[in-house]
Amino acid sequence: MNMHTARAAFGVDSLKSILGISVLAIRWDDAVALLTRLIAERRFTKVSFLNAHNANVAYTEPVFAKALDDFLILPDGVGVDLAAKLLYGTWFPDNLNGTDFIPAFLQASAKPLTVGLLGATQANAEAASKKLAALALQHRFVVIHDGYFSPAEEPAIVDRIARLRPDVLLVAMGVPRQELWIARHIDARHCTLPIAVGALLDFLSGAVPRAPLWMRRLRLEWLFRLWIEPGRLWRRYVVGNPVFLWRVIGQKFLRRPAPARSGRGAGSGAGH
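The residue count restarts for each chain, going from 1 along the sequence in the order it is written. It should be noted that, the model being predicted, local features are given only for residues of pLDDT at least 70 and side-chain atom pairs only at 80 or more, the latter also being counted only at that level, while totals for whole chains, interfaces and linings use all residues. To get the side-chain values, all heavy atoms of the structure are used, and hydrogens and water are removed first.

Trainee: Could you clarify how one ought to interpret the confidence of the model for the chain in this entry?
Mentor: In low-pLDDT regions, the fine details of the predicted coordinates are not to be read closely. How sure the predictor is of each residue is captured by pLDDT, a score from 0 to 100. Looking at the chain, the pLDDT average stands at 90 and 89% of residues meet or exceed 70. Below pLDDT 50 for its whole length, residues 257-272 participates in 30 contacts with residues either more than four positions away or in separate chains. Contact criterion: two residues are considered in contact whenever any of their non-hydrogen atoms come within 4.5 Å of each other.

Listed below in structure tokens is the structure:
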């Protein structure tokens, strides 16, 4: 299932285009049920999340924007929520940020699954695997490889994934590398749901702390992350967030397509 089949399944109002990226507007429980059904039916579906940072990257990188056309995209964070309100007058039904949604989805999946982990450091991936195994005892979690591999190592890694053929493959390599890697290397022979999860394994391992619950409830987790890692994240948040909102305002009032979407064929999601 990609966003075109999602439109057919959920109706035209279920998709909101944010800077040319189609995002599924769906409630938390419905998203859990959707992914569970896709696994049960063995319907190969690439999954990712759109936040303000990802949207900015896709705006300027055509290859990444094109790759996202073939992913099921879920809304992540206050930035895209504000964008939906500005553009469509309504918020997304729920914030499906992967850090909270993926563990909850795995906990809710009663049928035993095999879940592969690819990315982060080996230590963080192993620690995340143990944390997930404690959260969802019914599943088998397998660390495939860390995220620091050379192109020469890729064939062996892809072959290992194909031999394991997990129901879910969590790919944690950062944006846009993780989505591009999935698009270039993973198909129905390898797994059912490859999911691009960003820093999820680092959070689960405890190597990167989460914001206190009260900050998450106030939608201020980005501010906590900026405080923890200012050197790495200041450009993403201090510069990136205003740039994202400015681009969204441009989409609303100027009706201009994102540059990354221009010159693409009728089969893309640009015109939807």
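Trainee: I'm lost on the packing of aromatic side chains in this one. Help?
Mentor: The geometry of an aromatic ring pair is captured by the separation of the ring centres together with the interplanar angle, meaning the angle of the planes. Any Phe, Tyr or Trp ring, taking Trp's six-membered ring, that has another such ring centre within 6.5 Å forms a pair; planes under 30 degrees apart are called stacked, those over 60 apart edge-to-face, and the others tilted. Here the structure, examined in full by the defined rule, presents 5 aromatic pairs. Between Trp28 and Phe101 the ring centres are 5.3 Å apart and the planes differ by 80 degrees, which places this aromatic pair in the edge-to-face class. Within this pair, whereas Trp28 is found in helix H2 (residues 28-40), its partner Phe101 is found in helix H6 (residues 98-108), the two being separated by 73 residues in sequence. When the ring of Phe101 is compared with that of Phe105, the centres are 6.4 Å apart and the planes differ by 10 degrees; the resulting orientation is stacked. On the criterion of helical spacing, the pair formed by Phe101 and Phe105 is a turn pair, its members being 4 residues apart in helix H6. Phe105 matches Phe101 in its accessibility class, with the two residues each being buried. The helix count covers DSSP runs of H or I at least four residues long, the strand count covers runs of E at least two residues long, and both are numbered beginning at the N terminus. When accessible area is computed with a 1.4 Å probe and restricted to protein chains, residues below 20% of their type maximum are described as buried, those above 50% as exposed, and intermediate ones as partly exposed.

Trainee: How do you make sense of the pairing of strand S1 (residues 15-18) when you look at a structure like this?
Mentor: A regular strand places its side chains on the two faces of the sheet in alternate fashion. What you see with S1 is no split at all: Leu15 and Ser17 on one side and Lys16 and Ile18 on the other are buried throughout. A pair of strands is treated as paired once DSSP finds two or more bridges between them. With 4 bridges connecting them, S1 and strand S2 (residues 21-24) associate as antiparallel partners. The residue of S2 that forms the bridge with Ser17 is Ser22. Two successive antiparallel strands, S1 and S2, enclose a turn made up of 2 residues, where Leu19 displays a positive phi of approximately 50 degrees.

Trainee: Got a minute to help me understand helix H8 (residues 154-164) in this structure?
Mentor: In an α-helix, one turn spans 3.6 residues; hence positions three or four apart end up facing the same way. For H8, the full list of buried residues reads Glu154, Ile157, Val158 and Ile161. Each buried residue of H8 sits inside an arc of 95 degrees when the element is viewed along its axis, so together they form one side. More than 90 degrees from the buried face of H8, the exposed residues found are Pro155, Ala156 and Arg163. In this structure, the buried residues of H8 make contact with strand S5 (114-119), strand S6 (140-145), strand S7 (168-172) and helix H9 (177-185). Positioned one or two residues after H8, Arg165 has a phi angle of 40 degrees, which is positive. Directions are taken from the helix axis to each C-beta atom, and the arc is the one they span.

Trainee: Can you help me understand the packing of H2 against H6 in this one?
Mentor: Each pair of packed helices gets described by two things: the angle between the helix axes and the distance between those axes. Their axes nearest at 10 Å, the elements H2 and H6 cross at an angle of 60 degrees. What the angle tells us is that H2 and H6 run oblique. The handedness of the crossing between H2 and H6 is right-handed. Taken together, the residues of H6 that come into contact with H2 (itself represented by Trp28, Ala31, Val32, Leu35, Thr36 and Ile39) are Asp100, Phe101, Ala104, Phe105 and Ala108. Classifying every residue of the contact of H2 with H6 gives 9 nonpolar, 1 polar and 1 charged. To get an axis, fit a line to the C-alpha atoms, keeping to the stretch in contact for a helix; angles then go from 0 to 180 degrees between the N-to-C directions. Any angle from 65 to 115 degrees is called roughly perpendicular, while one under 35 is roughly parallel, one over 145 is roughly antiparallel, and all others are oblique. Crossings are sorted by hand: turned counterclockwise from the far helix by less than a right angle, the near helix makes the crossing left-handed, and turned clockwise it makes it right-handed. Residue polarity follows a fixed list, in which Ala, Val, Leu, Ile, Met, Phe, Trp, Tyr, Cys and Pro are nonpolar, Asp, Glu, Lys and Arg are charged, and the others, Gly among them, are polar.

Trainee: Help me understand the packing of helix H3 (residues 52-60) against helix H13 (residues 230-254), please; the structure alone is not making it clear to me.
Mentor: One can describe the packing of H3 onto H13 by two numbers: an axis separation of 9 Å at closest approach and a directional angle of 65 degrees. Accordingly, the angle class assigned to the pair H3 and H13 is roughly perpendicular. Like other packed secondary-structure pairs, H3 and H13 cross with a definite hand, here left-handed. Residue-level contacts link Ala52, His53, Ala55, Asn56, Tyr59 and Thr60 of H3 to Arg236, Gly240, Asn241, Val243, Phe244 and Arg247 of H13. For the contact of H3 with H13, a count of residues per class yields 5 nonpolar, 5 polar and 2 charged.

Trainee: In this structure, what is going on with the environment of Leu245? I would like to understand it.
Mentor: Structurally, Leu245 is set in helix H13. Residue Leu245 is classed as partly exposed on the basis of its relative accessible area, which comes to 28%. For the pair Leu245 and Leu86, spaced 159 residues apart in the sequence, the C-alpha separation amounts to 9.4 Å.

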